[in-house]
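Inside the fold
Below, each chain spelled out in residue letters.
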Amino acid sequence: MSNVRSCSLTLVCRFYGEEGGWRKIASTLNECGWITEGMYSRKDDVEVKCFAESNDRKEIILTLDMGRMDKILKIFRELVEALFRCCWYVDVYYHLRGSFAEKISEKFSVTDMEKVRKKIHGLEVLIEKKTNVNLLNISYRLSRDRVKSASKLHSEIIKEVIDVE
Amino acid sequence: MLSEEYKKMNVFGIDYGTSDFKYGPISIGEVPEVVENRGYLIDGNSLMAKIMGVGREIVVGKDLPLYLEAREDLAERLIYPMRNGIIEKNDRKAWLIIRELTKYALESFAPSDEEFKGFYVVASLAVIAPRYMYEELFKIFGELNIERMLVRAATIIPQPLAVAIAHKTPTCVVVESGHGNTQVCPISMYPIRNAVIALNRGGSSANILTAEILKDCGYGDLAKEEGLVRKVKEQIGLLPRKLDEAIEYAKKNIDKVRVEVKIPGTRIKIDLGEQSWTRFLIGEYVFNPNHEIFNSYFKRGMPRPSDVKIGDTYFYGMTDLAESIIESVEKCSVELQPHLYSKIILSGGNFNWRTSPTLEGIAVTSDRKLELMMKEKGVENVKVTVTRDPTYSVWRGCIVYGYAVPYDFKWRWEKMEGWVNYA
């Protein structure tokens, strides 16, 4: 498994009361300069994919292609701000494996505890470690007023990932 | 919190592939964990096993190589339960290994906190898997809960349907080619089961040919190790646009096709030299083993992919890939056929063929190859797509399916959908 594959980012978007689905996300992203083709939207070498939709179309899982970490670093804030045009909140998940998991665990002082909650830049962050599969998940619920804090945390995580690469 | 929210957080996908077993929960990202779909039965009478304190009967997963004994009966004890995608009903050893692998996968990710009440497991089997395999697997999920609640609910979907779900394509033909077999499955919302064609050919067939090529090039000692042969195949195998043209080109331009492969962690280097043109045979064999050039290998003892019957399913050995797709589509309604040809999805590790800019027009990708083959057989308006990361698309389909199916949707045998509940 390559390093690129060992770090991935998932965004679980919750729409306001009404149905949304990929069509809604794609049209919102298109308004913000993204180009959509099928289940993918691209901008500045970053690609967002519709991974899964809930049956009621009120929730959607997006994944980011992690091929260009330098671009991912820059576009995060722009992307979530676009998503907040149609979403109530976004759950952000970083999935890190192997050497990335070890490095980020060190950074956030995570020991062998399976699950730990921390407040980072004002965000309630859940860090879950699965030692037997060498996996580290970092997740938090992002609301519109916390985008700045989330961008800071995002930069810290991705910079560490770029360092390991 | 046993609700839709709980289910969405605890979907767990398992792809019972013929060679690799892919598993993991929704929270793992886009790439599952992978171990070989095999198990090793420890000899209970082995003195060394007793001395070493090996207290279990079956070993599966990443530690398995540590337990392999250098014994003549290794082949009997090292079992690949799903070589053809089907397990015989009474094959006790194979089912024991499937049970152990399933337990291994679920326990790897089951949280220890009290909030955890079991996963919503979406398992995927070959489309040709008979009903008793579904029943046996549901039984295993239930049994695993005796010690600890691991499975809250479970469902099983055919692998080609999982691929179609991952690509959100309700009408298509999915060609799933794994290590042991190839399944051609037209889908129109549900798999069209009476149109499914199974081929007794997969990645292992290309491995066998690669081993023969290695022998011919003086690497007979290496050709005995299947794992190494597989790595070499992945590094050197090429898929020709047209085999005759590619061979002619390669013989005239050896420097363009010659490659040296170094096996990581060893001193082994492989160079096919003057025989580098044989790189094109490896890819061609997967798509069409009928070319006369393969006869020389068959005559020298390489087994010809044969037609076999396993359970109630025929697996065809020599039918070329385009022909099998046409045969399959022509079993569907005439009205549906153009729609099926316009969305052919190739999935599985066996479609991962490399190309290089220096071999443009000579070596092609799987989608391009199949489009050409279909055109030669007179089928127009064909659109073939290779899934991104074809190795993982079944597992991803499992996750997408589990996320979408409502938690209270009960399993129905007549439709083969919904959750079997273990609460």
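All values derive from a computational prediction rather than experimental measurement.

Remarks on the overall build of chain A
Each helix and strand counted, chain A has 4 helices and 9 strands in total. The helix and strand sequence of chain A, counted from the amino end, reads β-α-β-β-β-β-α-β-α-β-β-β-α. A compact globule built from 165 residues would reach a C-alpha radius of gyration of about 15 Å, and chain A, at 15 Å, matches this within 12%. Principal-axis analysis of the C-alpha atoms places the extent of chain A at approximately 40 × 30 × 30 Å. Burial status across chain A gives 38% buried among its 165 residues. Partitioning the intrachain contacts of chain A with sequence separation of at least 6 by distance along the chain shows that 65% fall at a separation of at least 24.

Description of the overall build of chain B
Along its length, chain B carries 16 helices and 19 strands. Over its C-alpha atoms chain B spans a radius of gyration of 22 Å, differing by no more than 12% from the 22 Å that the globule rule assigns to 423 residues. Expressed as lengths along the three principal axes of its C-alpha atoms, the size of chain B is roughly 70 × 65 × 35 Å. Within chain B, the proportion of its 423 residues that are buried is 48%. Within chain B, counting contacts between residues at least 6 apart in sequence, those at least 24 apart form 69% of the total.

Quick look at helix α11 (residues 279-287) of chain B
Residues and elements named next belong to chain B. A large share of α11 lies buried, amounting to 9 of its 9 residues. For α11, every residue scored as buried is listed here: Arg279, Phe280, Leu281, Ile282, Gly283, Glu284, Tyr285, Val286 and Phe287. At its buried positions, α11 is contacted by α7 (203-216), α8 (226-236), α9 (243-252), α10 (254-257), α13 (321-329) and α15 (366-376).

Things to note about the sheet that holds strand β2 (residues 35-37) of chain A
The strands that make up a sheet are held in pairs by hydrogen bonds between backbone atoms, and each pair lies either parallel or antiparallel. If you walk across this open sheet you meet the 9 strands as β2-β3-β4-β5-β1-β6-β9-β8-β7 (chain A), and the pairing is antiparallel. Looking at the sheet topology across the chains shown, the edges are occupied by β2 and β7 (115-120) of chain A. Strand-to-strand twist across the sheet, computed as the mean angle between neighbouring axes with direction ignored, equals 25°. Where strand β1 (residues 7-15) of chain A lies against strand β6 (residues 87-97) of chain A, 9 bridges are found, and the strand directions are antiparallel. Opposite A:Arg14, over in β6(A), you have A:Tyr89 as the bridge partner. The sheet contacts of helix α16 (residues 393-404) of chain B involve β4 (46-53) and β5 (59-64) of chain A, and relative to β4(A) the element is tilted by about 55°.

A short note on the interface of chain B and chain A
Every contact between the two is made by 19 residues of chain B and, on the other side, 21 residues of chain A. Of all the secondary-structure elements, those providing two or more residues to the side of chain B that touches chain A are α4 (92-109) and α16 of chain B. Among the elements that line the side of chain B that touches chain A, the one with the most residues is α16(B), at 4 residues. Taken together, the residues of the side of chain B that touches chain A break down into 10 nonpolar, 4 polar and 5 charged.

Looking at the nonpolar core
Of all hydrophobic cores here, the largest spans 173 residues; its most connected members are A:Cys13, B:Val121, B:Val173 and B:Ile344. Structurally, this core is a two-domain feature, drawing no fewer than three residues from each of domain 1 (4-38 + 80-163 + 392-421) and domain 2 (199-312 + 314-386) of chain B.

A short note on the environment of B:Ile165
All names here are of chain B. Relative to the elements of secondary structure, Ile165 occurs in helix α6 (residues 159-166). Its 25 C-beta neighbours within 10 Å are what place Ile165 among the buried residues. Placed 232 residues apart in sequence, Ile165 and Gly397 show a C-alpha to C-alpha distance of 5.3 Å. Beyond its immediate chain neighbours, meaning those up to four positions away, Ile165 contacts Gly397, Val400 and Tyr401.

A word on the domain arrangement of chain B
Residue and element names in this part refer to chain B. Assigned domains within chain B: domain 1 (4-38 + 80-163 + 392-421) and domain 2 (199-312 + 314-386). Summarising the inter-unit geometry, the C-alpha centres of domain 1 and domain 2 are found 31 Å apart. Counting from both sides, the interface comprises 8 residues of domain 1 and, opposite them, 8 residues of domain 2. For the side of domain 1 that touches domain 2, the residue count by class is 4 nonpolar, 4 polar and no charged.

A few points about unusual backbone geometry
The backbone phi angle of A:His121 is positive, close to 50°, even though this residue is not glycine. Residues other than glycine seldom take positive phi values, yet B:Lys168 does so here, at roughly 50°. Along the chain, B:Lys168 turns up in the loop between α6 and β9 (171-177).

Quick notes on the pairing of strand β2 (residues 20-25) of chain B
Consecutive side chains of a regular strand alternate in pointing toward one face of the sheet and then the other. All names here are of chain B. Within β2, 6 of the 6 residues are buried, which leaves it mostly tucked inside the rest of the structure. Neither face of β2 is open: one carries Asp20, Lys22 and Gly24, the other Phe21, Tyr23 and Pro25, and all of them are buried. For strand β1 (residues 11-16) and β2, the ladder comprises 5 bridges, and the chain directions are antiparallel. Among the inter-strand pairings, Ile14 is bridged to a residue of β2, identified as Tyr23. Remark: 3 residues form the turn of the hairpin made by β1 and β2, two consecutive strands paired antiparallel. Looking at chain direction, β2 and strand β3 (residues 33-36) are connected through 4 bridges and run antiparallel. When the bridges of β3 are listed, Tyr23 appears paired with Glu33.

Comments concerning the sheet that holds β2(B)
Residue and element names in this part refer to chain B. On the basis of which strands lie adjacent, the open sheet formed by 6 strands has the order β3-β2-β1-β7-β8-β19 and mixed pairing. What marks the edges here is a single partner per strand, and that holds for β3 and β19 (420-421). As paired elements, strand β8 (residues 151-158) and β19 share 2 bridges and run antiparallel to each other. The partner of Ala153 across the bridge, within β19, is Asn421. Contacts between α4 and the sheet are confined to β1, β2, β3, β7 (119-125) and β8, with β2 contributing the most and set at about 30° to the helix. This element, α16, spans β1, β2, β7 and β8 of the sheet and lies at about 145° to β1.

Some details on the environment of B:Lys89
Relative to the helices and strands, B:Lys89 resides in the loop between β6 (78-79) and α4. Taking the C-alpha atoms as reference points, B:Lys89 and B:Lys242, 153 residues apart in sequence, are found 43 Å from one another.

A few points about the packing of helix α3 (residues 98-107) of chain A against helix α4 (residues 147-164) of chain A
Helix packing for two helices is described by the angle between their axes and how far apart those axes are. Residues and elements named next belong to chain A. Contact geometry for α3 and α4: axes closest at 10 Å, N-to-C directions at 130°. With respect to α4, the element α3 is oriented oblique. α4 is crossed by α3, and the crossing has right-handed handedness. For the pair α3 and α4, the contacting residues are Ser99, Phe100, Lys103, Ile104 and Lys107 in the first and Ile157, Glu160, Val161 and Val164 in the second. Counted by class, the contact of α3 with α4 contains 5 nonpolar, 1 polar and 3 charged residues.

Reading the values: rules and limits
- Counting starts from 1 at the beginning of each chain's written sequence and moves along it residue by residue.
- As a convention, the first chain written is A and the first ligand written is 1, with the rest following in written order.
- Selection of residues for local features in this predicted model requires a pLDDT of at least 70, selection of side-chain atom pairs for listing and counting requires 80 or more, and totals for whole chains, interfaces and linings are taken over all residues.
- Each helix is a run of H or I in the DSSP string that is no shorter than four residues. Each strand is a run of E no shorter than two, and both are numbered from the N terminus.
- Using C-alpha atoms as the atom set, the radius of gyration is obtained and then compared with a globule rule of 2.2 Å times the number of residues to the power 0.38.
- Counts of 20 or more other C-beta atoms within 10 Å of a residue's own C-beta define buried residues, counts of 12 or fewer define exposed ones, and intermediate counts define partly exposed ones; C-beta atoms are placed from the backbone.
- Contacts are defined on C-beta atoms placed from the backbone: any two residues whose C-beta positions lie within 7 Å are in contact.
- Paired strands are those between which DSSP finds at least two bridges.
- Every angle, taken between N-to-C directions, lies between 0 and 180 degrees, and every axis is a line fitted to C-alpha atoms, over only the stretch in contact when it is a helix.
- For this scheme, ten residues count as nonpolar: Ala, Val, Leu, Ile, Met, Phe, Trp, Tyr, Cys and Pro. Four count as charged, namely Asp, Glu, Lys and Arg, and the remainder, Gly too, count as polar.
- As used throughout, a nonpolar core is a set of buried Ala, Val, Leu, Ile, Met, Phe, Trp, Tyr and Cys residues joined through C-beta atoms within 7 Å of each other.
- Each domain's extent is set by a domain assignment, obtained either automatically or from a database.
- Oblique is the label for every angle not falling under 35 degrees (roughly parallel), over 145 degrees (roughly antiparallel), or within 65 to 115 degrees (roughly perpendicular).
- Two helices that cross are described as forming a left-handed crossing if the nearer one is turned anticlockwise from the farther one by less than a right angle, and a right-handed crossing if clockwise.

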